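Structural overview
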Amino acid sequence: MKSFWSLFIFLLFWSPIMGDNSGENNSVYSSIAGLLKLLEMEEIFITNIKAYTNKLTEKVKNLQAYIDSVDYEFQQSFEDREKYVGNPINAFSLVRRTHEDLPKWHNYSQQIVGIEELFALEEIIAKVPDNKDMEYSLGKMHRLEQIYDLEAIELARGRIQGKQYDFRPSIRDCVALGEHKFKREDYQRASMWFRVAIKHEPEGNVEIKNNILGDPKVNLYTLYAKSMLIFGMIKSNPSMTITEAKKISYEALSKASLADVKSLLNELLSQTDDEIVYEMNVNKTKPSDYEIGCRGQFLRRRNHVCSYNFTITEFLRLAPLKQEVLNLDPYIVIYHNILNDDEIDKLKQHSNDNTAEIVKPIEKRIFQRINELKGLSFLNSDQLIVSKNGPGTQNHIKEYSKGTFLFFLDNVDLGGATVFPKLKISVFPQKGSCLIWYNTPDPRSEPLECPVLQGNKWVIT
């Protein structure tokens, strides 16, 4: 089967052109708490829509009852109609109905149904995400795809890093993601999202949705062709700039016949998804150490040591803790089972109130354990910082003068590692454990946090 690179050459050389010789601010909906509020907002919106449609249905039912109450046929002949009004009772009834009933039915038909629900919907619409929120959400998705090397085709199938999940992006989701990447000039990922949108399974009530929401396939095929052409030209000619590739591809498409463009698209879409993915990833840019670490692809270190610590304090001699020394210089260690499930549950429940009495005893016990682990002392002003991160977000670690203690309150399904790129060390959240490193001028000890890919990440620093 032809590769799609040959199709770029086919279009460019066959079309008339060759014959002419001529950054990130957090959104209010970036946190798990914000997303939960947004989910609740959507649920309330749907509840009000249901109540509104029920009242509309009731009104339609009542108006239909009026129609049914009229006891003569509209499609009668002139003779039948003349006979009808010739009856004195019918004549009187007609005058009375049109005098008394019609104005009342008219008044009823003009009444606004479900006014309370309409006001509620207005209040909800005033709180929906704005353009800034949407751009931030698109940016988070883009970052996740880059860091974790996620393929649009796999995401469209509900798969993340080989794991199957119960989700499917809609065709409008796919188009929005493709358009965002197109604007960012990431034509490889843009083309794949456009391809997924084109091949998307038909959704229910398509005509109704398109009439209200707009047709997502408008310009979709053109965007797909443009993104594939631009990416193909740059890949086959790395010295070509994006500006040059855009100019050539746009001119080629504008001068090519409709039949030529359809031929190109048919050839591209006839290839299997796996073939397209393989060809587009040939000679792919090497990932950074940070990206490799976030993906959990660092090789296991030979000097990795697991043992029980029972030498520093009297407490540890009685109840030694399992430790893993991840690096000796600079020193990085993780202790397991520092926090129990009951403590973790209480810290989560009161994460927004560090002054709660139930939190203070736990906080005191945690500080005592730190002292026992490393012989450090804390001032009364020291305080635990509990934070929670969902998909696409990460912590920004606050470094303390001596060292940083990062407690994990939960496991994370995918992502969320703490990475030391220069040391090639990745530490993924393990419930109840504590990661410790010393803050030194040595740049190798500088950690970076990876965004959560699936699930939630609870930590204490």
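Residues numbered from 1 in each chain as written. Predicted model: local features only at pLDDT ≥ 70, side-chain atom pairs only at ≥ 80, totals over all residues. Heavy atoms only, no water.

Broken down by element type, the protein carries 18 helices and 14 strands. Across the 461 residues in the protein, those meeting the buried criterion constitute 40%. Element-wise, carbon and sulfur atoms account for 54% of the exposed surface of the protein, whose accessible area totals about 27,100 Å². (Helix = DSSP H or I, 4+ residues; strand = E, 2+ residues; numbered from the N terminus. Buried < 20%, exposed > 50% of the residue type's maximum accessible area, 1.4 Å probe, protein only. Areas by Shrake-Rupley, 256 points an atom, 1.4 Å probe, with all protein chains shown as cover.)

Of note, the amide linkage connecting Asp 329 to Pro 330 takes the cis form, showing an omega dihedral of 0°. By the secondary structure assignment, Pro 330 is in the loop between β4 (321-327) and β5 (332-335). One non-glycine residue, Glu 185, lies in positive phi territory at about 65°. Structurally, Glu 185 is set in the loop between α8 (171-183) and α9 (187-198).

Turning our attention to the packing of α8 against helix α11 (residues 220-236). Each packed pair of helices is defined by two parameters, the angle between the axes and the distance between the axes. Remark: α8 packs on α11, axes separated minimally by 11 Å, with the N-to-C direction vectors making an angle of 40°. When the interaxial angle is binned, α8 and α11 end up oblique. Seen from above, α8 lies across α11 with left-handed handedness. Contacts between α8 and α11 involve Val 175, Glu 179 and Phe 182 from the former and Leu 220, Leu 223, Lys 226 and Ser 227 from the latter. In the contact of α8 with α11, the residues fall into four nonpolar, one polar and two charged. (Axes fitted to C-alpha atoms, helices over the stretch in contact; angles between N-to-C directions. Parallel < 35°, antiparallel > 145°, perpendicular 65-115°, else oblique. Left-handed = near helix turned anticlockwise from the far one by under 90°. Contact = heavy atoms within 4.5 Å. Nonpolar A, V, L, I, M, F, W, Y, C, P; charged D, E, K, R; others polar.)

Another aspect to go through is the pairing of β5. Side chains Ile 332 and Ile 334 project from β5 onto one buried face, and the interleaved Val 333 and Tyr 335 project onto a second face that is buried too. Note: β4 against β5, four bridges, orientation antiparallel. Directly across from Gln 323, in β5, lies its bridge partner Tyr 335. The turn linking β4 back onto β5 is made up of four residues. Relative to strand β11 (residues 434-438), β5 runs antiparallel, the two being bridged by four bridges. Across the sheet, the residue bridging to Tyr 335 is Cys 434, located in β11. (Pairing = 2+ DSSP bridges.)

Next up on the list: the sheet that holds strand β10 (residues 425-427). Strands sit in the order β10-β9-β12 across an open sheet of three strands; the sheet is antiparallel. A strand with exactly one partner marks an edge of an open sheet, and here the two such strands are β10 and β12 (448-449). Across three bridges, strand β9 (residues 418-420) lies against β10 in antiparallel orientation. Across the sheet, residue Phe 420 finds its bridge partner in β10, namely Ile 425.

This part is about the state of the cysteines. Counted by the stated rule, this structure contains one disulfide. Disulfide partner of Cys 294: Cys 450, at an S-S distance of 1.9 Å. What sets the handedness of the Cys 294 and Cys 450 disulfide is the S-S torsion sign, and at about -90° it is left-handed. Taken together, the positions of Cys 294 in helix α15 (residues 289-294) and Cys 450 in the loop between β12 and β13 (452-454) put the pair 156 residues apart, joining distant regions of the chain. When its relative accessible area of 2% is taken as the criterion, Cys 294 is described as buried. (Disulfide = S-S within 2.5 Å.)

Here we come to the environment of His 180. Within the fold, His 180 resides in helix α8. In this structure His 180 comes out as buried when scored by relative accessible area, which is 4%. Each C-alpha atom of the pair His 180 and Glu 135 lies 8.4 Å from the other, and the pair is 45 residues apart in sequence.

Model confidence for the protein is summarised by a mean pLDDT of 84, while 84% of its residues fall at 70 or above. Here residues 1-24 is modelled with pLDDT under 50, and outside its nearest four sequence neighbours on either side it reaches 51 contacts, counting other chains as well. (pLDDT = per-residue confidence, 0-100.)

The next thing to look at is a nonpolar patch on the surface. On the surface, Ile 112, Ile 115 and Phe 119 cluster together to form a nonpolar patch covering roughly 330 Å² of accessible area. By relative accessible area, Ile 112 is classed as exposed at 62%. (Patch = residues over 30% accessible without salt bridge, like charges linked within 9 Å, V, L, I, M, F, W, Y side chains within 5 Å. Salt bridge = Lys/Arg side-chain N within 4 Å of Asp/Glu carboxyl O.)

Quick look at the environment of Gln 454 now. Of note, Gln 454 is situated in strand β13. Residue Gln 454 is classed as partly exposed on the basis of its relative accessible area of 24%.

Computed from the structure, the largest pocket encloses a volume of approximately 1,900 Å³. Lining the largest pocket are 47 residues; nearest its centre among them are Leu 35, Leu 38, Met 134, Ser 137 and Asp 173. For the lining of the largest pocket, the residue count by class is 29 nonpolar, eight polar and 10 charged. Its boundaries defined by the atoms lining it, the second largest pocket holds a volume of some 620 Å³. What lines the second largest pocket is a set of 27 residues, among which Gln 188, Arg 189, Phe 231, Lys 284 and Thr 285 lie closest to the centre. (1 Å grid on protein atoms, 1.4 Å probe; cavity = no way out; pocket = protein on both sides within 12 Å on 5 of 7 lines; lining within 4 Å. Points joined across faces, edges and corners; volume = space filled by probe spheres on them.)

Moving on: the pattern of salt bridges. Between side chains of opposite charge, pairing is possible as soon as their charged atoms come close. Summed over the entire model, instances satisfying the criterion amount to 21 salt bridges. Residue Arg 96 is joined to Asp 101 by a salt bridge in which the shortest nitrogen-to-oxygen separation is 2.9 Å. The closest approach of N and O atoms between Asp 342 and Lys 346, which form a salt bridge, is 2.7 Å. Of this pair, Asp 342 and Lys 346 both sit in helix α17 (residues 341-349), four residues apart, roughly one helical turn. Given the relative accessible area of 43%, Asp 342 is considered partly exposed. Residues joined by salt bridges that share partners form a network here, namely Glu 154, Arg 157, Arg 159, Arg 195, Lys 199 and Asp 273.

Another aspect to go through is helix α5 (residues 115-125). For α5, the complete set of buried residues consists of Glu 117, Ala 120, Leu 121 and Ile 124. Projected onto a plane normal to the axis of α5, the buried residues spread over an arc of 100° and lie on a single side. Residues Phe 119, Glu 122 and Glu 123 are exposed on α5 and point more than 90 degrees away from its buried face. The inward-facing, buried residues of α5 contact α2 (32-69). (Arc of directions from axis to C-beta.)

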